[in-house]
Amino acid sequence: VQLQASGGGLVQAGGSLRLSCTASGDIFSINTWGWYRQAPGKLRELVATITSGGTSSYADSVKGRFAISRDNAKNTVFLQMDSLKPEDTAVYYCNAFMGLGPFGRQDYWGKGTQVTVSS
């Protein structure tokens, strides 16, 4: 599975951005898609996920501001980010994983895309 993320950029606080992640390869075995982010000097953190069945979940810090969605026909996952704050500044990574039962999971990562929110 290969993931290609795009859509990052520079935006003022209160603005919006939409990230896209297009997948290719053996995507039919993917259980969950998600977005993570990593700010300078911090650990990578989960932002949002969406399952193959369409169930989404969000980090508390982005609830009500971000929305994750999928376009199955285009094999693309989106992250709509509204009301952006300077603390949302980070490199955002697209993720997909396949459950392996008792053996854990197989993760796939796209290259990060930089999101910078100015105050």
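Attention here is on the structure that accompanies the text. Computed from a predicted structure; not experimentally measured.

Calculation notes
Residues numbered from 1 in each chain as written. Predicted model: local features only at pLDDT ≥ 70, side-chain atom pairs only at ≥ 80, totals over all residues. Heavy atoms only, no water. Helix = DSSP H or I, 4+ residues; strand = E, 2+ residues; numbered from the N terminus. Buried < 20%, exposed > 50% of the residue type's maximum accessible area, 1.4 Å probe, protein only. Contact = heavy atoms within 4.5 Å. Phe/Tyr/Trp six-rings, centres within 6.5 Å; stacked < 30°, edge-to-face > 60°. Lys NZ or Arg CZ within 6 Å of the ring centre and 35° of its normal.

A word on the environment of serine 83. Among the secondary structure elements, serine 83 is positioned in the loop between β8 (76-81) and β9 (90-99). Residue serine 83 is classed as partly exposed on the basis of its relative accessible area, which comes to 41%. The spacing of serine 83 and methionine 98 is 15 residues in sequence and 32 Å in space, taken between C-alpha atoms. What serine 83 contacts, discounting residues up to four positions off in sequence, is Gly14, Gly15, Ser16, Arg65 and Asp88.

The subject of this paragraph is the packing of aromatic side chains. Scanning all chains against the criterion turns up one aromatic pair. Both rings, one in tyrosine 36 and one in tryptophan 109, keep their centres 5.0 Å apart while their planes meet at 70°; by these two values the pair is edge-to-face. Separated by 73 residues along the polypeptide, tyrosine 36 in strand β4 (residues 32-38) and tryptophan 109 in strand β10 (residues 105-109) bring together distant segments of the chain. For tyrosine 36, a relative accessible area of 15% corresponds to the buried category. Judged by relative accessible area, which is 37%, tryptophan 109 ranks as partly exposed. One cation-aromatic arrangement involves arginine 44 over tryptophan 109; the distance from NZ or CZ to the ring centre is 4.6 Å. Note that arginine 105 overlies the ring of phenylalanine 97, its terminal NZ or CZ placed 3.6 Å from the centroid.

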